[in-house]
Amino acid sequence: MDASAELSFLNCYICFEALKKPKMCPSCSKVACEKCLRTWIEDNRPECPHCRKLTPLNNFAECERFISDVKHLLN
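Keep in mind that this is a model prediction, so the values were computed, not measured.

Asks: I'm lost on the pattern of salt bridges in this one. Help?
Replies: Note that side chains of opposite charge can pair when their charged atoms are close. Scanning all chains against the criterion turns up four salt bridges. With its nearest N and O atoms 3.7 Å apart, the salt bridge here joins lysine 23 to glutamate 62. In this pair, lysine 23 sits in strand β1 (residues 22–24) while glutamate 62 sits in strand β3 (residues 61–62), placing the two residues 39 residues apart along the sequence. You can call lysine 23 buried: its relative accessible area is 10%. Given a relative accessible area of 67%, glutamate 62 falls into the exposed group. The shortest N-O distance in the salt bridge between arginine 38 and glutamate 34 comes to 3.0 Å. Of this pair, arginine 38 and glutamate 34 both sit in helix α2 (residues 34–43), separated by four residues, roughly a single helical turn. The network of salt bridges with common partners includes Arg45, Glu47 and Arg52.

As structure tokens, then:
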């Protein structure tokens, strides 16, 4: 895997910025910022913006420690 692919994993798939308070979809395992997901769910409907499975925000898994561990391993 090249460095750019590794770094893209650490970006939100909604805003494309570095993840802030990352949350993972329990259905597709995509990771996005909590704020981005909250905005999506409030403006649209309670679903994952990636896989479209109905998922309330509180069902998205917190994964800040996991992302932190991955960043540490890549350095």
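From this point, things continue past the structure.
Asks: Just checking my understanding: could you explain the environment of arginine 38 for this structure?
Replies: Take arginine 38: its relative accessible area is 37%, and that puts it in the partly exposed class. Separated by 23 residues in the primary sequence, arginine 38 and alanine 61 place their C-alpha atoms 13 Å from one another.

About the thresholds
Residues numbered from 1 in each chain as written. Predicted model: local features only at pLDDT ≥ 70, side-chain atom pairs only at ≥ 80, totals over all residues. Heavy atoms only, no water. Salt bridge = Lys/Arg side-chain N within 4 Å of Asp/Glu carboxyl O. Helix = DSSP H or I, 4+ residues; strand = E, 2+ residues; numbered from the N terminus. Buried < 20%, exposed > 50% of the residue type's maximum accessible area, 1.4 Å probe, protein only.

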